[in-house]
Structure formats: C-alpha cells, structure tokens
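Per-entry structural report
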Amino acid sequence: LEDAQGLNKVWEYILNNGGRVPLQMFIFSLIPIPFLYCLNIISTSIVTGIMFGFAIHIDFNKGIIMVGSAIPHAIIEIFAMCIVISGLYKLNQAIVRKISNLFRSNKKQNFSFKLALSNLLKVYLLVALPLYILAAFLETYFTDFIYNLFT
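Just so it is clear, the model here is predicted, and its values are computed rather than measured. Residue positions are given per chain, counting from 1 as you read along its sequence in written order. Thresholds applied to this predicted model are a pLDDT of at least 70 for local features of residues and 80 or more for the giving and counting of side-chain atom pairs; totals over whole chains, interfaces and linings are not thresholded and use all residues. Excluding hydrogens and water, the side-chain figures rest on all heavy atoms present in the structure.

**Overview of the packing of aromatic side chains**
Here is the rule: rings of Phe, Tyr and Trp (six-membered ring for Trp) pair when centre to centre is within 6.5 Å. Planes less than 30 degrees apart are stacked, more than 60 are edge-to-face, and the remainder are tilted. Under the definition given, this model contains four aromatic pairs. Aromatic pair F35 and Y89: ring centres 5.9 Å apart, planes at 25 degrees, arrangement stacked. Taken as a pair, F35 in the loop between α1 (6-30) and α2 (39-58) and Y89 in helix α3 (residues 60-102) lie far apart in primary sequence, 54 residues in all. Taken together, F35, Y37 and Y89 form an aromatic cluster joined through their ring pairs. Helix and strand labels come from DSSP, where a helix needs a run of H or I of at least four residues and a strand needs a run of E of at least two; each type is numbered from the N terminus.

**Comments concerning the environment of P130**
Tracing the backbone shows P130 in helix α4 (residues 113-150). When its relative accessible area of 39% is taken as the criterion, P130 is described as partly exposed. Considering only alpha carbons, one finds P130 and I14, 116 residues apart in sequence, at a separation of 9.7 Å. Working rule for contacts: check all heavy atoms of both residues, and any pair within 4.5 Å makes them a contact. The contacts of P130, once residues within four sequence positions are left out, are Y124 and L125. For every residue, the accessible area obtained with a 1.4 Å probe (protein chains only) is divided by the maximum for its type, and the residue is called buried under 20%, exposed over 50%, and partly exposed between those limits.

**Some points on the nonpolar core**
Definition used in this section: a nonpolar core is a set of buried Ala, Val, Leu, Ile, Met, Phe, Trp, Tyr and Cys residues joined via side-chain atoms within 4.5 Å. In this structure, M25, V84, I85, L88, A128 and Y132 are the most contacted members of the largest nonpolar core, which totals 21 residues. Every element with two or more residues in this core is listed here: α1, α3 and α4. Discounting chain neighbours no more than four positions away, the residues touching V84 are M25, L120, Y124, A128 and Y132.

**Brief notes about the layout of surface pockets**
Only protein atoms enter the 1 Å grid, on which a cavity is a set of points fitting a 1.4 Å probe that cannot get out and a pocket is an open set with protein on both sides within 12 Å along at least 5 of 7 lines, lining residues being those with an atom within 4 Å of a point. Grid points are joined across faces, edges and corners, and a volume is the space filled by probe spheres set on the points. The calculated volume of the largest pocket comes to roughly 670 Å³. Surrounding the largest pocket, 28 residues form its lining, T48, M51, A70, H73 and E139 being those nearest its centre. Mapped by element, the contributors of at least two residues to the lining of the largest pocket are α1, α2, α3 and α4. Among the residues making up the lining of the largest pocket, the classes are represented as 14 nonpolar, 10 polar and four charged. Only Asp, Glu, Lys and Arg are considered charged in this grouping, and only Ala, Val, Leu, Ile, Met, Phe, Trp, Tyr, Cys and Pro are considered nonpolar; every other residue, Gly among them, is considered polar.

**A closer look at the packing of α3 against α4**
Orientation of α3 relative to α4, taken along the N-to-C sense of each, is 170 degrees, at an axis distance of 9 Å. Relative to α4, the element α3 is oriented roughly antiparallel. Its residues assigned to classes, the contact of α3 with α4 comprises 31 nonpolar, five polar and five charged. Between the N-to-C directions of two axes lies an angle of 0 to 180 degrees, each axis being a line fitted to C-alpha atoms and, for a helix, fitted only over the stretch in contact. When an angle is under 35 degrees it counts as roughly parallel; over 145 it counts as roughly antiparallel; between 65 and 115 it counts as roughly perpendicular; any other value is oblique.

**Observations regarding a nonpolar patch on the surface**
Together, L39, I42, I46, I50, F54 and I58 give the surface a local cluster of nonpolar side chains, amounting to about 620 Å² of exposed area. Relative to the elements of secondary structure, I50 occurs in helix α2. Residue classification places I50 among the partly exposed positions, given a relative accessible area of 45%. By definition, no residue in a patch forms a salt bridge, and every one has over 30% relative accessible area; like charges are joined within 9 Å, nonpolar side chains (Val, Leu, Ile, Met, Phe, Trp, Tyr) within 5 Å. The protein chains shown are the only cover counted for residues, whose accessible areas, like all others here, come from Shrake-Rupley with a 1.4 Å probe. Only one rule defines a salt bridge in this text: a Lys or Arg side-chain nitrogen within 4 Å of an Asp or Glu carboxyl oxygen.

**Considering the packing of α2 against α3**
Remark: α2 packs on α3, axes separated minimally by 9 Å, with the N-to-C direction vectors making an angle of 175 degrees. In terms of axis orientation, α2 runs roughly antiparallel to α3. Contacts from I41, T44, S45, F52, A55, I56 and I58 in α2 reach F60, G63, I64, M66, V67, A70, I71, I78, M81, C82 and I85 in α3. Here the contact of α2 with α3 is built from residues that sort into 15 nonpolar, three polar and no charged.

This is how it looks when you write it as structure tokens:
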C-alpha cells in the first residue's frame, strides 16, 4: 500500500477499509457472542488515538498538523464503521435470539435473519460504502494537502 499512488492507492484503501474490514466484522457477527464484531472499531480507535498521542508528544507543532490533517478521514471512516456495526447488531441479535431460544422454556420472539441481512446489505451499499470511498479519497489526497499546506 505504501508503494501505491494516486487512484491505485485509493482503490487499495477502498478494498481494505471498505471490503476486508467489514467482511471481518461480518464474520465476527456470525459468532453468537454479542458485540464481538466491535473489535475492529475499538482497535482502530485505540491505535489512532495512540498514534495521535505519540505524534503530539514527539513534536507538538508537527503533531498538531498531523492530527489536524488526519482527523477528516478518520472521522468519516469511523462513522462508516459505526453504520456497518448498527446493521451487524441486528444480524447478531437475530442469531443470538435463535440460539438462546433453543435453551429457554419460555421462547422470546425471534428476529428475522433474512430481514436483518437484507437491511445490513442496504445500509452497507447505500450508506457505508460511499463513506468508505469518500474516506479513501480524503486519506489519499486531502490529508497530504492539509499536511503540506501547514508545513
């Protein structure tokens, strides 16, 4: 990814952040453990915060410029992850409810897995994927523009 430039770099960001990461979150949501699919957003937020902290601690002025230039893409990317997680929540809830009803004498109402999957795909394709694409363009072009503007 470091060797990629221009639209190839944008495409690699889209494949990774808009394809592989949501696929990992989807696979985690199929495991009947609630909120396991949130690990990606938690790790992304923690690593981003640590990087921002190190950048500011090493050189305050350059660190502030780095943080300021990275904030737009980071916010949009994390927001897209939150959108995907909202769809995965209902999907995981349907799985957990079906499994937990196997062990209950008083059954609770099941949630539709098909409806949850359909809503997840709609939310991903219509909202999250365009946000991931916007974040990829911001990460490739806008971050460097802002950083070069202030250095």
